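Analysis of the macromolecular model
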Amino acid sequence: MGIFGIFGHGTRETVRLGRVIFTLWAANILFSLLAVLPLAWLIDKDLAHSFWGNEVRGFDFLWVGELIYRFRDLPPLLGGWFLGVAGLFFIASVFLNGGVVGRLVERARVTPSVFFSDCGHFFWRFVRLFLLSLPVYIVGIGLVSRILSAALKPIVDSAPTEWVSLIISNLKFLAVVLIFSMIQMLFDYAKVRVVVDNSYQVLRSLGRTVGFLLRNFGLAWGAYLLVSVSFILGFVVFLNVLKFIPNHGLLPAALGFLWSQGFVLFRLWTRVQYFATAFIIDRDRRL
Amino acid sequence: MVKTTPRLAVTAILAILVSGFAAASPPQAAAVASPGPQRPKYELWVTLDDLTKTLTGREELVWVNPTRDEVPDMLFHLYWNAFKNEDSAFLREAARESLFSRGSLPEDGEWGWIDITSIRLADGTILGPTLEYVTPDGPDHPGDQTVARVVFPEPVQPGGTISLQIEFRSKIPRTVARSGYYRHSYFVAQWFPKPGVYEEGKGWNCHAYHETSEFFADFADFTVHITAPESFVVGSSGKQTGVTRNAAARTATTTFVQENIHDVAWTADPKFLRVERIFTAAEEVTPAEYEETARKLGLTTEEVRLPDVRMILLIRKEHKSQIDRHFKALRMAIKYYGLWYGPYPYETVTMVDPPFRTGSGGMEYPTLFTAGTNVITSPEANSPEGVIVHEFGHGYWYGLVANNEFEAAWLDEGVNTYSTGRVLATAYGPGVFSPYFKGIPLDRLFPMPKALDYETDRAAALQVVELDPVTAWSWKFYNGASYGMNVYMRASTILNTLERLLGEEAMMRLMRTYHMRWRFRYPTTADFIATVNEVAGRDLTWFFDELLFATHIFDYGIGRLESAEIPKHKLGVFEVAGLNEEMTRQKARELEAEEKTAAGVKEVKSYLTTLTLRRFGEAKVRGHTPLAFEVVFDDGTKEQGTWDGQDRWARFTFERPAKAVSAVVDPQRVWVIDADLSNNSYQVKPVRKGVVRLAAKLFFLLQNSLQFLAGLS
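This section reports on the structure supplied with the text.

Rules used in this analysis
- Residues numbered from 1 in each chain as written.
- Chains lettered and ligands numbered in written order.
- Predicted model: local features only at pLDDT ≥ 70, side-chain atom pairs only at ≥ 80, totals over all residues.
- Heavy atoms only, no water.
- Helix = DSSP H or I, 4+ residues; strand = E, 2+ residues; numbered from the N terminus.
- Buried < 20%, exposed > 50% of the residue type's maximum accessible area, 1.4 Å probe, protein only.
- Contact = heavy atoms within 4.5 Å.
- Areas by Shrake-Rupley, 256 points an atom, 1.4 Å probe, with all protein chains shown as cover.
- Lys, Arg positive; Asp, Glu negative; His and termini not counted.
- Charge placed at Lys NZ, Arg CZ, Asp CG, Glu CD.
- Phe/Tyr/Trp six-rings, centres within 6.5 Å; stacked < 30°, edge-to-face > 60°.
- Lys NZ or Arg CZ within 6 Å of the ring centre and 35° of its normal.
- Patch = residues over 30% accessible without salt bridge, like charges linked within 9 Å, V, L, I, M, F, W, Y side chains within 5 Å.
- Salt bridge = Lys/Arg side-chain N within 4 Å of Asp/Glu carboxyl O.
- Buried area = accessible area lost by both parts, 1.4 Å probe.
- Polar contact = N/O pair within 3.5 Å; in protein donor to acceptor, adjacent residues only side chain to side chain.
- Nonpolar A, V, L, I, M, F, W, Y, C, P; charged D, E, K, R; others polar.
- Expected span 1.5 Å × (residues − 1).
- Pairing = 2+ DSSP bridges.
- Axes fitted to C-alpha atoms, helices over the stretch in contact; angles between N-to-C directions.

Attention now moves to the overall build of chain B. Helix and strand content of chain B: 15 helices and 35 strands. The C-alpha extent of chain B, read off along each of the three principal axes, is 115 × 95 × 55 Å. Taking all 713 residues of chain B together, the buried fraction comes to 54%. In chain B, once contacts between residues fewer than 6 apart in sequence are set aside, the share between residues at least 24 apart is 74%. Total accessible area computed for chain B in this model is approximately 30500 Å², and 54% of it derives from carbon and sulfur atoms. Within chain B, the 90 negative side-chain charges are centred at a point lying 5 Å from the centre of the 76 positive side-chain charges.

Time to look at the packing of aromatic side chains. The relative placement of two aromatic rings is captured by the distance of their centres and the angle of their planes. The full count for this structure, using the stated rule, is 76 aromatic pairs over all chains. Where Phe235 of chain A meets Phe263 of chain A, the ring centres are 5.5 Å apart and the plane angle is 35°; that geometry is what we call tilted. Of this pair, Phe235 of chain A sits in helix H9 (residues 217–244) while Phe263 of chain A sits in helix H10 (residues 250–286), and the two are 28 residues apart along the sequence. If you follow Arg521 of chain B out to its NZ or CZ, it ends over the ring of Trp518 of chain B, 4.1 Å from the centre.

So, about a negative patch on the surface. Residues Glu590, Glu592, Glu594 and Glu595 of chain B make up a contiguous surface patch of negative charge. On the basis of relative accessible area, Glu592 of chain B is assigned to the partly exposed category, the value being 34%.

Two side chains with opposite charge may pair up if their charged atoms get near one another. Residue and element names in this part refer to chain B. Tallied over the full model, the rule gives 47 salt bridges over all chains. A salt bridge links Arg68 to Glu200, with the nearest nitrogen and oxygen atoms 2.5 Å apart. One end of the pair, Arg68, is in the loop between strand E2 (54–64) and strand E3 (71–77); the other, Glu200, is in the loop between strand E11 (197–199) and strand E12 (203–205), and 132 residues separate them in sequence.

The next thing to look at is the interface of chain A and chain B. If you look at the interface, chain A gives 71 residues, while chain B gives 66 residues. For the pair chain A and chain B, the two sides together bury roughly 6200 Å², of which 61% comes from carbon and sulfur. In terms of surface lost to chain B, no three residues of chain A exceed His49, Phe61 and Glu162 of chain A, which account for 13% of the buried area on that side. One can count five salt bridges joining chain A with chain B. Between Asp676 of chain B and Arg70 of chain A there is a salt bridge, and its shortest N-O distance comes to 3.1 Å. Linking chain A with chain B are 34 residue pairs in polar contact (both at pLDDT 80 or more). Elements represented by at least two residues in the side of chain A that touches chain B include exactly helix H2 (18–47), helix H3 (52–55), helix H4 (61–70), helix H5 (75–105), helix H6 (112–157), helix H7 (162–197), H9 and H10 of chain A. Looking at which element gives the most residues to the side of chain A that touches chain B, the answer is H2 of chain A, with 14 residues. Taken together, the residues of the side of chain A that touches chain B break down into 40 nonpolar, 19 polar and 12 charged.

Below, the discussion takes up helix H12 (residues 525–536) of chain B. All names here are of chain B. With 12 residues, H12 should cover 16 Å at 1.5 Å per step; its first-to-last C-alpha distance of 16 Å lies within 8% of that length. Three or more residues of H12 are buried, namely Thr525, Phe528, Ile529, Thr531, Val532 and Asn533. The elements touched by buried residues of H12 are helix H8 (410–427), helix H10 (480–502), helix H11 (504–518) and helix H13 (541–549). One or two residues past the end of H12 sits Gly537, with phi positive at roughly 75°.

Residue and element names in this part refer to chain B. The four strands are arranged E8-E9-E17-E14 in an open sheet whose pairing can be described as antiparallel. In this open sheet, the two edge strands, each paired with only one partner strand, are strand E8 (180–182) and strand E14 (233–236). Averaged over all adjacent pairs, the angle separating strand axes in this sheet is 5°, with direction ignored. With four bridges joining them, E14 and strand E17 (residues 266–269) adopt antiparallel strand pairing. Following the sheet pairing, Val234 is matched in E17 by Ala268.

Printed below as a string of structure tokens:
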């Protein structure tokens, strides 16, 4: 099966997991609400009784400037709150990943009890995988950045025009993004392997995954990139449609909100699609 | 014959004397002219050695003593010694700000310096033995060598002249600030020994080169001969009058001449494209625009007419596609600065796209300025337009009206920031705020907010009000950010507030009067305030005391707004026909019920509305400039009033058959410097459309941010 076939197969799997995607969406909404509430309260307290309560639109320098001045002592408090919520969301994501991959692998009907049972069953293994991923990210990205910077420094230092440094800077950035995505792909496949084998030997599963990917790198990487490209295309469509939604009125505001939530769902679908394509390749290539 | 009393006669004499020193009406746009005594004259020869990155120079200076003092010595600026070693005031102050940690200092062999190798009078008298470095700004930086002193054998008499011949050698810094080189590209500024300004009774005004200071020098006449490799394109302040080639040495000497400027900067780069165009006033300004401007300024159309100007652009080849954009911005700048403040008095203006990696962008010199752009630009952001208009504008504020940038930086930076905002708003409208990521302007990828300059200026100004007064000397601000945001943005916001207070036309007349009166002169803050008071026709010194000299937050707002029904029957014991009679609650209810059900009588309720205004900040309005307020009631009527704003609060009550729905203080938004505009208005019933919209956008932003995090899980 080629990468387009795998992509199509993966899409069918994600449709099957529609309920799972909505569960992920609910978690995202819950934590985002938690994060935004203090800020929304501050904005409401500041503006609701002012004419600006009706007039303010997005990033308004007149208002933002004085907000920064008036609440200049709040960032540590707000920052702490956001970090706390983000931390909890992160743990929730690790937890929910177990259910996503579990339901992908186990082709039975998705029910809440089975889904959350998978979440709990795989949680600590996924936590260990995350902890293993940290040094890989740091070393991988750090090493690549340093090697590239050292190798390209003579060219950058003697660049005759702005174009050279611009292109090199962007190539370095692209390289970092690619390394990041390869590492992410590795750990997605590792999660699938842990679930498929129902293995508690996380390090061994990771090792086997490395071997598997080395043997099937082209296909795995191609499928991964295809999902990434579909995300970028979706993002471009989202932005371009958003431009045409007016900024005034109740109906346009509702439309805009729904369209934005559609994009969030699309992001969640992409996340599940990554897992789905990984599962399909793992299954097909191991058979 | 008019009968005069002695008092009238004295007044008349004083008026004549004063008018001799202050032109009551703007003089005609003229060829370059300077009131006052003869100007110093410079003739400079400089040779650029592309191999060793050095300059060898010779300076012939004829200096005129414009004062009644006998002047025994001369203090020179030797600006490039700021880049000589870590003992300089510049680098020590930069290190304190952590701007130049050791890793950011020039590399070995890339420091800059200037040495006077010989200094003598025109008659051959050698002055070298008297040459010494001095530190006029106190003992903080004893090793600084950016100011030197020589002593004359005889003092220069009042009105007398002295002719000096100076030879110097300098090493171009790799790039620290404003001057530098990269490979074979050069930008050369503050490069020759330049005397300070002699002030009568005070001596030489000649400060060290500080990290946050700029420059101050006499208006003079310059002739500059620049010798560089023949393949180099050379640009300079002034008008190019000739090129002499030396085939054997493969060099070319380009001569530039300019009268009545106080500095010369130049650039040389073999890769420049040189493009010349003419600002043709007849094509750029319509008769209707002349008439409108003349009407607003109270002048004739002849007085506002603009001359043609030769525009020279030196631009890097990789920015070739932006040539038209550069010229359009420059034309707008020449047009509006000319119409509003006075015609550009020089024949040429040179706009330089700074040579790559010379650190020379966004800087002004008389008749030459550097802009700066990127290979990929945003079509909607005002960049490079903003920097072009701003740096050209410095030709007016600093170039022509030559304030002391060490001691009153706001008089050029703040005034010019205000002017730049006006030009951009008129010529381009709001610009997109578009930061760059990896050389790509983000507004090419995402929708970004738009803003007028005064909005972003105010946002910055609010952050530094309590740190320093705007009028602090340049190197005496809390830090570089306070300097920048105070002298540029806060000063501009103060002027925007002044414009709203006086009205657009009065402000235009004020700025034009100030500019034309102080062209080719050295105004101080006091001179600016005096002009404001004169043109405004009232004493606005308090305005500057509160906002410019002080560090007070200006914040007036609504404290409370509430309406309570006035009961028809008040409770308590009242005298009725000589007897005490109690109005009980029961009785009051019964009476009200009777009145309500009376046939044909429509119940009319009466309300007492209480409005409390507050002064939250320390700055106050004064000088009979009350704050306006307005209350709107639910029957559509309004109540308007004023408050003198002196106390911390004031209470106003209104009795009428309607409840208040909203109130606003300063409804015209005159006081744009107010630190909290949101509390200037109050609605009894909260309206949350904007709040919900904003909260929804933040919510969506957080959803996506959290989803990025989920990707790592």
